[in-house]
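Each chain, letter by letter, is given below.
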Amino acid sequence: MAGILVVGIAVVDAIARPVDAMPAPGGLRFFDDLTMTTGGCAVNCAIALSRIGVACDIVARVGRDPLGDFVVSELERGGVSTRHIVRDADRSTSFSFVAVPANGERAFLHTTGANATLAPADVPASLLSNTRLVFVAGTMLMDSLDGTPTAELLAGARAAGARTMLDTVYVEGRTRDQWRRRVEPALERLDYFVPSRAEAAALAGTDDVRDAAAMFRDAGARNVVIKLGAEGAACLDEHGSYTLVRAFRADRVVDATGAGDCWSAGFLAGLEQGLAPVNAVRLGNAVACVSVQSAGATTGIRSMEQVMQVMRAGG
């Protein structure tokens, strides 16, 4: 039994680069490279954990289709057990077309697919009984799990003795009320809430990172970490201490796809090692730094030693 359980979304990503502008209706533009990879918060995080030598279990849903076969085979190739991957006969595997411009940032066209039907019943109670950390990854895209069902799952995890963590996905156009309905019920069940800057602003209704973090703690989350991309991450711990943990400098930024998920893997690995949240954030920053230097979320991550080299070089 692994010490970490990741529950969340599985996606197949078709990553096109460089795409600096979309064509006008009826138009055609060219790009140089297309990479097919697994994606989705849960899959990215699980593979990144495996690559840095940390075992985990994963619960996710994919379709009974070739893309679902691809997700399963890539997880197995990445050293992640697929025994708790649910195959959905009625929904296709979730898919994203990812357009990556020259600066490495990305835009997505996405179909939710089987992720919408992931539910608490897909998580065996036996998995929670010996798990130390339960991470729900992909809130805002899991229609049957978001909101109260996630809160109930996290409550069960805590009752079984696990610490809990949740990450969200930024969905353009969602109202603050929609964000609150899907996220807020879980906050009081969380040991760690780890949104991005954009996700935090959408939920809190403010662009002030420190104020947003304080709001999430007031709502019940014990520790809050807001991921700030190239700036690093802001950490507000359970004692009220606020720290900006600077990012490590990447030699080059090729593709930021999945960098936040790889950050989560490093952060979870740090917590599993017994590190304080701020030090776990620093490990997360290092894994994210490795991730952005290759196309695809986890392609460039090879080992924990590689990550430690980044940390040593960063001082």
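Residues numbered from 1 in each chain as written. Predicted model: local features only at pLDDT ≥ 70, side-chain atom pairs only at ≥ 80, totals over all residues. Heavy atoms only, no water.

A. The arrangement of the nonpolar core in detail. Formed by 96 residues in total, the largest nonpolar core has its most connected members in Val6, Leu49, Ile58, Phe193, Phe216, Ile226 and Phe267. Sequence-distant contacts of Leu49, defined by excluding residues within four places in its chain, comprise Ile4, Val6, Val54, Cys56, Ala265, Leu268 and Ala269. (Core = buried A, V, L, I, M, F, W, Y, C linked by side-chain atoms within 4.5 Å. Buried < 20%, exposed > 50% of the residue type's maximum accessible area, 1.4 Å probe, protein only. Contact = heavy atoms within 4.5 Å.)

B. Summary view of the sheet that holds strand 3 (residues 33-39). The four strands lie next to each other as 3-2-6-7, forming an open sheet whose pairing is mixed. Only two strands of the sheet have a single partner each, and these edge strands are strand 3 and strand 7 (107-111). Between one strand and the next, the sheet's axes are offset by a mean angle of 20 degrees, whatever the strand orientation. Along the sheet, helix 2 (residues 66-77) makes contact with strand 2 (11-17), strand 3 and strand 6 (94-99), crossing strand 3 at roughly 75 degrees. (Pairing = 2+ DSSP bridges. Helix = DSSP H or I, 4+ residues; strand = E, 2+ residues; numbered from the N terminus. Axes fitted to C-alpha atoms, helices over the stretch in contact; angles between N-to-C directions.)

C. Geometry of the packing of aromatic side chains. Counted under the stated rule, the structure contains four aromatic pairs. Seen from their ring centres, Trp263 and Phe267 are 4.9 Å apart, and the 15 degrees between their planes marks the pair as stacked. Of this pair, Trp263 and Phe267 both sit in helix 8 (residues 259-272), four residues apart, which is roughly one turn of the helix. The pair Trp263 / Phe267 is uniform in exposure class, with both members buried. Connected via pairs of aromatic rings, a cluster forms that spans Tyr192, Trp263 and Phe267. (Phe/Tyr/Trp six-rings, centres within 6.5 Å; stacked < 30°, edge-to-face > 60°.)

D. Seen up close, the side chain of Asp122. Along the chain, Asp122 falls in the loop between strand 7 and helix 3 (125-129). For Asp122, a relative accessible area of 13% corresponds to the buried category. Residue contacts for Asp122: discarding those within four places in its chain leaves Val59, Arg61, Val86 and Thr117.

E. Seen up close, the pattern of salt bridges. What the rule picks out here adds up to 15 salt bridges. Of the charged contacts in the structure, one is a salt bridge between Asp88 and Arg61, with a shortest N-O distance of 3.0 Å. Of the two residues, Asp88 sits in strand 5 (residues 85-88) while Arg61 sits in strand 4 (residues 57-63), which places them 27 residues apart along the sequence. Across the pair, exposure class does not vary: Asp88 and Arg61 are buried alike. Sharing partners across several salt bridges, the network here consists of Arg61, Asp88 and Asp122. (Salt bridge = Lys/Arg side-chain N within 4 Å of Asp/Glu carboxyl O.)

Spatial relationships are all this shows, so hold off on functional conclusions.
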